[in-house]
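Reading the structure
Residues per chain are reported as follows:
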There are 2 protein chains.
Amino acid sequence: MEDLKRTIRSYTHVSDSDMEFGLQFYKKQTFKKGDFLLKPGQYIDNFYFVKQGCVSYYTMEEGTAQVMEFFTEGYFFTDLYAYIEDIQSSSYLEALEDTIVYTISKADVQKVFDHSHQLERFGRLSMQHTFVINFQRINQLRNLSNQERYLELLRKRPTLFQRVPQYLIASYLGLTPVGLSKIRKRLSQK
Amino acid sequence: MEDLKRTIRSYTHVSDSDMEFGLQFYKKQTFKKGDFLLKPGQYIDNFYFVKQGCVSYYTMEEGTAQVMEFFTEGYFFTDLYAYIEDIQSSSYLEALEDTIVYTISKADVQKVFDHSHQLERFGRLSMQHTFVINFQRINQLRNLSNQERYLELLRKRPTLFQRVPQYLIASYLGLTPVGLSKIRKRLSQK
DNA sequence: GATATTTATTAAACTGGTTTAATGAGAATT
DNA sequence: AATTCTCATTAAACCAGTTTAATAAATATC
């Protein structure tokens, strides 16, 4: 679980003993391509960390997937909205590849935060990080054109395009597959 | 500061003594319509609570305001992005009406959180609340049409339309004034 | 290796916004 | 009261996306 450790320590200092205490609750879990970690209607019991693979986070609207996010190596994730609000999820979490995650239950997260001030701070800071990501996302949705957002994604997460079908990336960008195809054509003609 | 108290306690229980400790740091401050609480280039020193009035939070892009949010009575606010990242702001905070706020410095917020577990919890929960708001905002930007977002705003914050000029509401919705006008016309014709 | 299925592209018609510019209506200033 | 300024609407031309449908290419399955 070295990469999990490293990611936690990228937020704040955590002593070896606190880290050991926290990590004991994480369990390794594997999913085959196409498996669901979560389906609509369920309550959120777990937090996840991606060791290897890719998980899509989406809702179904009128028969098509609306992709909110792709979680790849090093991401902490869950359906955070349903997790916080303690409501039934209306989303899917689906493995787009064979995927290995480390998972911790909501109850154990509480235990860890009660036990370790340092890890509670990690929790707060990772929450802040999520705020920053969402803030930038909103700004991108408001101020950039679809083409600009496509180029931005290409720049920030280039490997995504090798591992995820284009129509899901289109959805993530808020486009139809046809729309993204047009943008790509327009760019290739320059 | 009864309304400030009430708003804090809507998040979590806070004892009278902790509340008293926290509130001592807040100072009342008034701004005239058109005054700026913040301009680009500044670092964020304060957190605010709106007692009375309305403050717009926006950036300037190519000569036009891009309104991120309108803060009205009961809102906690600052340029949270610059506050968290500890970077120079690229935004404006401008009073759209004569406005009364309670303000607390960043250093005093830290003091309060160090002193009171209950108020630190309030801080965490208000941060979570902000996440939920932003999450819903992203979903609205992605899944609703401009017309639907207009109707949604009309439903959720009807008084805003009596106190804020329409071209700023258009900006908040991610539209031009012409675009919003068209939507309103279309709706009135039905 | 042939067939079926999934994914990506293209074309055509359409739509909901944009930009620019002119007009109108209200509010503030002199 | 007249003038100026700000704000909202309208019109016209335009554009970047949509939908639908057909086709092509790649991938999975038998």
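Overview of the structure. (Residues numbered from 1 in each chain as written. Chains lettered and ligands numbered in written order. Predicted model: local features only at pLDDT ≥ 70, side-chain atom pairs only at ≥ 80, totals over all residues.)

Things to note about the environment of Ile169 of chain B
Residues and elements named next belong to chain B. Tracing the chain through its elements places Ile169 in helix α8 (residues 166-172). Looking at Ile169, the number of C-beta atoms within 10 Å reads 20, which means it is buried. The spacing of Ile169 and Arg6 is 163 residues in sequence and 29 Å in space, taken between C-alpha atoms. Residues contacting Ile169, with those up to four places away along its chain left out, are Leu160, Phe161, Val164 and Leu180. (Helix = DSSP H or I, 4+ residues; strand = E, 2+ residues; numbered from the N terminus. Buried ≥ 20, exposed ≤ 12 C-beta atoms within 10 Å, placed from the backbone. Contact = placed C-beta atoms within 7 Å.)

So, the protein's contact with DNA strand C
In the vicinity of DNA strand C lie 17 residues, with Gln166 and Ser181 of chain A together with Asn146, Val178 and Gly179 of chain B positioned nearest. If you tally residues by element for the surface near DNA strand C, the top one is helix α9 (residues 177-188) of chain A, at five residues. Of the residues that constitute the surface near DNA strand C, the class distribution is seven nonpolar, seven polar and three charged. (Near = placed C-beta within 6 Å. Nonpolar A, V, L, I, M, F, W, Y, C, P; charged D, E, K, R; others polar.)

Looking at the sheet that holds strand β3 (residues 46-52) of chain A
All names here are of chain A. Within the open sheet, the four strands sit side by side as β1-β8-β3-β6. Their pairing is antiparallel. Whereas interior strands pair on both sides, the edge strands pair on one side only; in this sheet they are β1 (27-31) and β6 (76-77). Here two bridges tie β3 to β6, and the two strands are oriented antiparallel to one another. Its bridge partner being in β6, Phe49 is matched across the sheet by Phe76. (Pairing = 2+ DSSP bridges.)

Some details on the sheet that holds strand β7 (residues 92-95) of chain A
All names here are of chain A. Reading across from one edge, β2-β7-β4-β5 is the order of the four strands in this open sheet, with antiparallel pairing throughout. At either margin of the open sheet sits one strand with a lone partner, and together these are β2 (36-38) and β5 (64-72). In this sheet, adjacent strand axes meet at a mean angle of 30° when their direction is disregarded. When strand β4 (residues 54-61) meets β5, the two strands line up antiparallel, connected through eight bridges. Across the sheet, residue Tyr57 finds its bridge partner in β5, namely Glu69. (Axes fitted to C-alpha atoms, helices over the stretch in contact; angles between N-to-C directions.)

Considerations on the protein's contact with DNA strand D
Taken together, 17 residues sit near DNA strand D, with Asn146 and Gly179 of chain A together with Gln166, Tyr167 and Ser181 of chain B positioned nearest. If you list the elements that add at least two residues to the surface near DNA strand D, you get α6 (146-156) and α9 of chain A together with α8 and α9 (177-188) of chain B. By residue number, the principal contributor to the surface near DNA strand D is α9 of chain B, which donates five residues. For the surface near DNA strand D, the class distribution of residues is seven nonpolar, seven polar and three charged.

So, the pairing of β4 of chain A
Along a regular strand, successive side chains alternate from one face of the sheet to the other. All names here are of chain A. Following β4, the chain reverses through two residues before pairing antiparallel with β5; Glu62 in that reversal takes a positive phi of roughly 50°. Where β4 meets β7, four bridges bridge the pair, whose relative direction is antiparallel. Paired with Val55 across the strands is Ala95, a residue of β7.

Brief notes about unusual backbone geometry
Despite not being glycine, Asp86 of chain A shows a phi value in the positive range, around 55°. Within the secondary structure, Asp86 of chain A is located in the loop between α3 (80-85) and β7. Asp86 of chain A gets classed as exposed once you count the C-beta atoms within 10 Å, which come to 9. Phi is positive for Glu62 of chain B, which is not a glycine, with a value near 50°.

Observations concerning the relation of the copies chain A and chain B
For these two chains of identical sequence, chain A goes onto chain B by a turn of 180° and a shift of 0.0 Å along the axis, with RMSD 0.0 Å. Overall, the copies show the geometry of a two-fold rotation axis. (Least-squares fit on C-alpha atoms with pLDDT ≥ 70 in both.)

Points about the interface of chain A and chain B
The interface is formed by 19 residues belonging to chain A together with 19 residues belonging to chain B. Where the side of chain A that touches chain B is concerned, the elements lending two or more residues are α3 and α5 (117-143) of chain A. A total of 13 residues in the side of chain A that touches chain B trace back to one element, the largest contributor, which is α5 of chain A.

Concerning the environment of Ile138 of chain B
Position of Ile138 of chain B among the secondary structure elements: in helix α5 (residues 117-143). A tally of 17 C-beta atoms within 10 Å means that Ile138 of chain B is categorised as partly exposed. Not counting chain neighbours up to four residues away, the residues in contact with Ile138 of chain B comprise Asn134, Arg137, Ile138 and Leu141 of chain A.

Structural measurements only, silent on function.
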